Amino acid sequence: MSADNSRKASGSGDDGVRGGAGISRRRLIGSAGAAGATGLVLGAAGGATGYVATRPDEPAALTTVGSTRVMFHGKHQPGITTPLQARGHLVAFDLVPGAGRKEAIALMRRWSAAADHLMAGEPAGSGAADGPDHDTGIALDAGPSSLTVTFGFGRTFFERTGLTGRRPPGLDPLPPFSSDHIDAERSNGDLWVQIGADDALVAFHALRAVQKEAAPAARVRWQMNGFNRAPGATAQPMTARNLMGQVDGTNNPKPAESDFERRVFVPGGTEAKYDWLAGGSYAVVRRIRMLLDDWEKLPVARQEQVIGRRKKDGAPLSGGTETTAMDLDRAGSDGKLLIPDNAHARISSPGTNSGAAMLRRPFSYHDGISADGTPDAGLLFICWQADPLRGFVPVQRKLDRGDALSPFIRHEASGLFAVPGGAADGEYVGQRLLES
Ligand code: HEM
């Protein structure tokens, strides 16, 4: 599957994504993506504007959007290489005072069971806080809708569970950056859950289940809510745009590239005490406010110089189309570099950072208007890498010193989490850490 922020109407199965599979109890009636592409009647196809009446004893019919299922069990956790979803919730939890390893084991068991059910389009149903009879019903009729639930452990989790000896060096605190405006209360946390789905109700249903199953072991520390373009809104899969209007995600590492696994996932065969993280990854989460009132005053040509790419189609200013490689040495007739020295895409590119690379998989957010009258909006920046010291840290250090984008953004919250590999059948996420 693509990890370049583009999306497909249905999955092909090579990334644990199944279009329509396993939804035998619902009737699949068409693809919203295809309907969008061909101009078929979306309402009649159960898409954006209407629904199909079914007999009272028949479950609701589903489009491809509703029926697409991502598998919970696998080598890697879902929600890393899964195409960007339309809705996202990021939630950090702290274990309650007195809770330790035993409670953490029970919690990860409950959460994993719930995620498995929810991702199949079923009630959370693990029993403790939310049995099938007590399901909220919020997601009824919508199918799995590409739901993914991903779990991570923060640095403090290891102290709380008596496992500091197995805490990998990759969880050492991120260094401070000069442009940081970090709110500690909205940062880090013992546990982190990322929820993504192509339907807002399905995402909220999973959020409620995860929150309820957290009791009595853990309490919410912070929560952030985000969004991306809806599936099927464009006729062809396209790279997403962020709230500055830029095409964002073009130069992400691609799963087909030979060094993709090495860059994104932690390899096996390292020291035995860190083996539990094999097949896992590190997520760096930054809530980055966009100073949109200032940004939107810039003429488009200036905005393009700030990034080094054309706004309309994401093509590099050195020429070509969106997918043409940037030519960082190319100058215009005036002798000036076409992609300026301080352009964001130049400064962050692996070629100028000794190969440092990460998979960026963000959600946009909008939390209304701040006290000063400006929009509280921006990017829930999430990047995935095998080692933060060879991904986020060196790149952010460089951006911090001279990125032309800096005057228009503000990093307001930060998190670093170790995300274990996927749970095998019969296993829960983190079992190899918590029970060996
Ligand atoms: C609100 C903040 C940000 C915005 C609006 C933004 C926007 C963009 C855009 C439009 C591109 C060019 C298209 C692409 O290849 O995706 C890009 C590239 C990139 N950005 Fe950002 N970015 C932000 C923050 C960051 C941060 C914090 C980092 C990492 C520390 C980062 C790392 C990168 C990387 C690695 C690339 C690809 C460079 C390449 O290989 O060509 N960005 N960003």
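Keep in mind it's a predicted model, so treat the numbers as computed, not measured. Per chain, residues are indexed from 1 in the order of the written sequence. It should be noted that, the model being predicted, local features are given only for residues of pLDDT at least 70 and side-chain atom pairs only at 80 or more, the latter also being counted only at that level, while totals for whole chains, interfaces and linings use all residues. The basis for every side-chain value is the complete set of heavy atoms in the structure, and neither hydrogens nor water enter the calculation.

A. Summary view of the environment of serine 349. Strands are runs of DSSP state E lasting at least 2 residues, helices are runs of H or I lasting at least 4, and numbering of each runs from the N terminus. As for its position among the elements, serine 349 is in the loop between α9 (344-348) and β10 (359-360). Residue class for serine 349 comes out buried when judged on its relative accessible area of 9%. The spacing of serine 349 and asparagine 251 is 98 residues in sequence and 8.4 Å in space, taken between C-alpha atoms. Should any heavy atoms of two residues lie within 4.5 Å, those residues are considered in contact. Contacts of serine 349, omitting those with residues within four sequence positions, involve Met326 and Leu328. Definition of a polar contact: a pair of N or O atoms within 3.5 Å, with one able to donate and the other able to accept a hydrogen when the atoms are protein atoms, and with sequence-neighbouring residues admitted only if both atoms are side-chain atoms. A distance of 3.1 Å separates a polar atom in the side chain of serine 349 from the backbone oxygen of arginine 346. Relative accessibility decides the category of a residue: with a 1.4 Å probe and only protein chains considered, values under 20% of the type maximum give buried, values over 50% give exposed, and everything between is partly exposed.

B. Quick look at the packing of aromatic side chains. In summary, the pairing rule links any two rings of Phe, Tyr or Trp, Trp by its six-membered ring, whose centres are within 6.5 Å, and it sorts them by plane angle into stacked for under 30 degrees, edge-to-face for over 60 and tilted for everything else. As enumerated under the stated definition, the model contains twelve aromatic pairs in all. Ring geometry for phenylalanine 153 and phenylalanine 157: centres 4.3 Å apart, planes at 5°, overall stacked. On the basis of an interplanar angle of 75° and a centroid distance of 5.5 Å, the ring pair of tryptophan 295 and phenylalanine 408 is categorised as edge-to-face. Here the residue tryptophan 295 occupies a position in helix α7 (residues 292-295), and phenylalanine 408 occupies one in the loop between α10 (392-402) and β13 (409-419), the gap between them amounting to 113 residues. Through a chain of ring-to-ring contacts, the aromatic side chains of Phe153, Phe157, Phe158 and Trp276 assemble into a single cluster.

C. Structural view of the packing of helix α3 (residues 101-119) against helix α5 (residues 200-214). For every element, the axis is a line fit to its C-alpha atoms; helices are fit only across the contacting stretch, and the angle between N-to-C directions ranges from 0 to 180 degrees. It is at 9 Å that the axes of α3 and α5 come closest, and there the two elements cross at 160°. Taken as axis vectors, α3 and α5 run roughly antiparallel relative to one another. In the crossing of α3 with α5, the sense of the turn from one axis to the other is right-handed. Along its contact with α3, which presents Leu107, Arg110, Trp111, Ala114 and Leu118, the element α5 presents His205, Ala206, Ala209, Val210, Glu213 and Ala214. For classification purposes, angles smaller than 35 degrees are called roughly parallel, those larger than 145 roughly antiparallel, those between 65 and 115 roughly perpendicular, and all remaining angles oblique. Working rule for handedness: look at the near helix, and if it is turned counterclockwise from the far one by less than a right angle, call the crossing left-handed; if clockwise, right-handed.

D. Seen up close, the environment of glycine 355. Structurally, glycine 355 is set in the loop between α9 and β10. Looking at glycine 355, the relative accessible area reads 35%, which means it is partly exposed. As a C-alpha pair, glycine 355 and glycine 391 span 36 residues in sequence and 8.7 Å in three-dimensional space. In contact with glycine 355, other than residues within four places in its own chain, are Arg263 and Pro350.

E. The arrangement of α10 in detail. Those residues of α10 that sit buried are Phe392, Val393, Val395, Gln396, Leu399 and Asp400. Down the axis of α10, the buried set is contained in an arc of 165°. They therefore lie on one face. Buried residues along α10 sit in contact with β9 (281-290), α9, β12 (375-385) and β13. For this quantity, the arc is that covered by the directions from the helix axis to the C-beta atoms.

F. A look at the pairing of β13. Across the eleven residues of β13, ten count as buried, placing the element largely inside the fold. We treat two strands as partners when DSSP finds at least two bridges between them. Summarising the sheet, β9 and β13 pair through ten bridges and their orientation is antiparallel. Within β13, the position partnered with arginine 287 by the bridge is alanine 413.

G. View of the site of the ligand. Definition of nearness: a residue and a molecule or strand are near each other if at least one heavy atom of the residue lies within 4 Å of the molecule or strand. Around the ligand, the structure places 29 residues, and the nearest of them are Gly249, Thr250, Asn251, His344 and Arg360. At a separation of 2.6 Å, an oxygen atom of the ligand approaches a polar backbone atom of glycine 249. One of the side-chain N or O atoms of arginine 360 is found 2.9 Å from an oxygen atom in the ligand. Listing elements by their share of the shell around the ligand, those giving two or more residues are β9, α9, β12, α10 and β13. Per-element accounting of the shell around the ligand gives the leading share, four residues, to α10.

H. Focus on the pairing of β12. Among the eleven residues of β12, eleven are classified as buried, and the element is accordingly described as predominantly covered. Note that β9 and β12 share eight bridges and pair antiparallel. Each residue of the ladder has a partner; that of valine 284, found in β12, is cysteine 383. With two bridges connecting them, β10 and β12 associate as antiparallel partners. Across the sheet, residue arginine 360 finds its bridge partner in β12, namely cysteine 383. Sheet analysis places strand β11 (residues 363-369) next to β12, joined by five bridges and oriented antiparallel.

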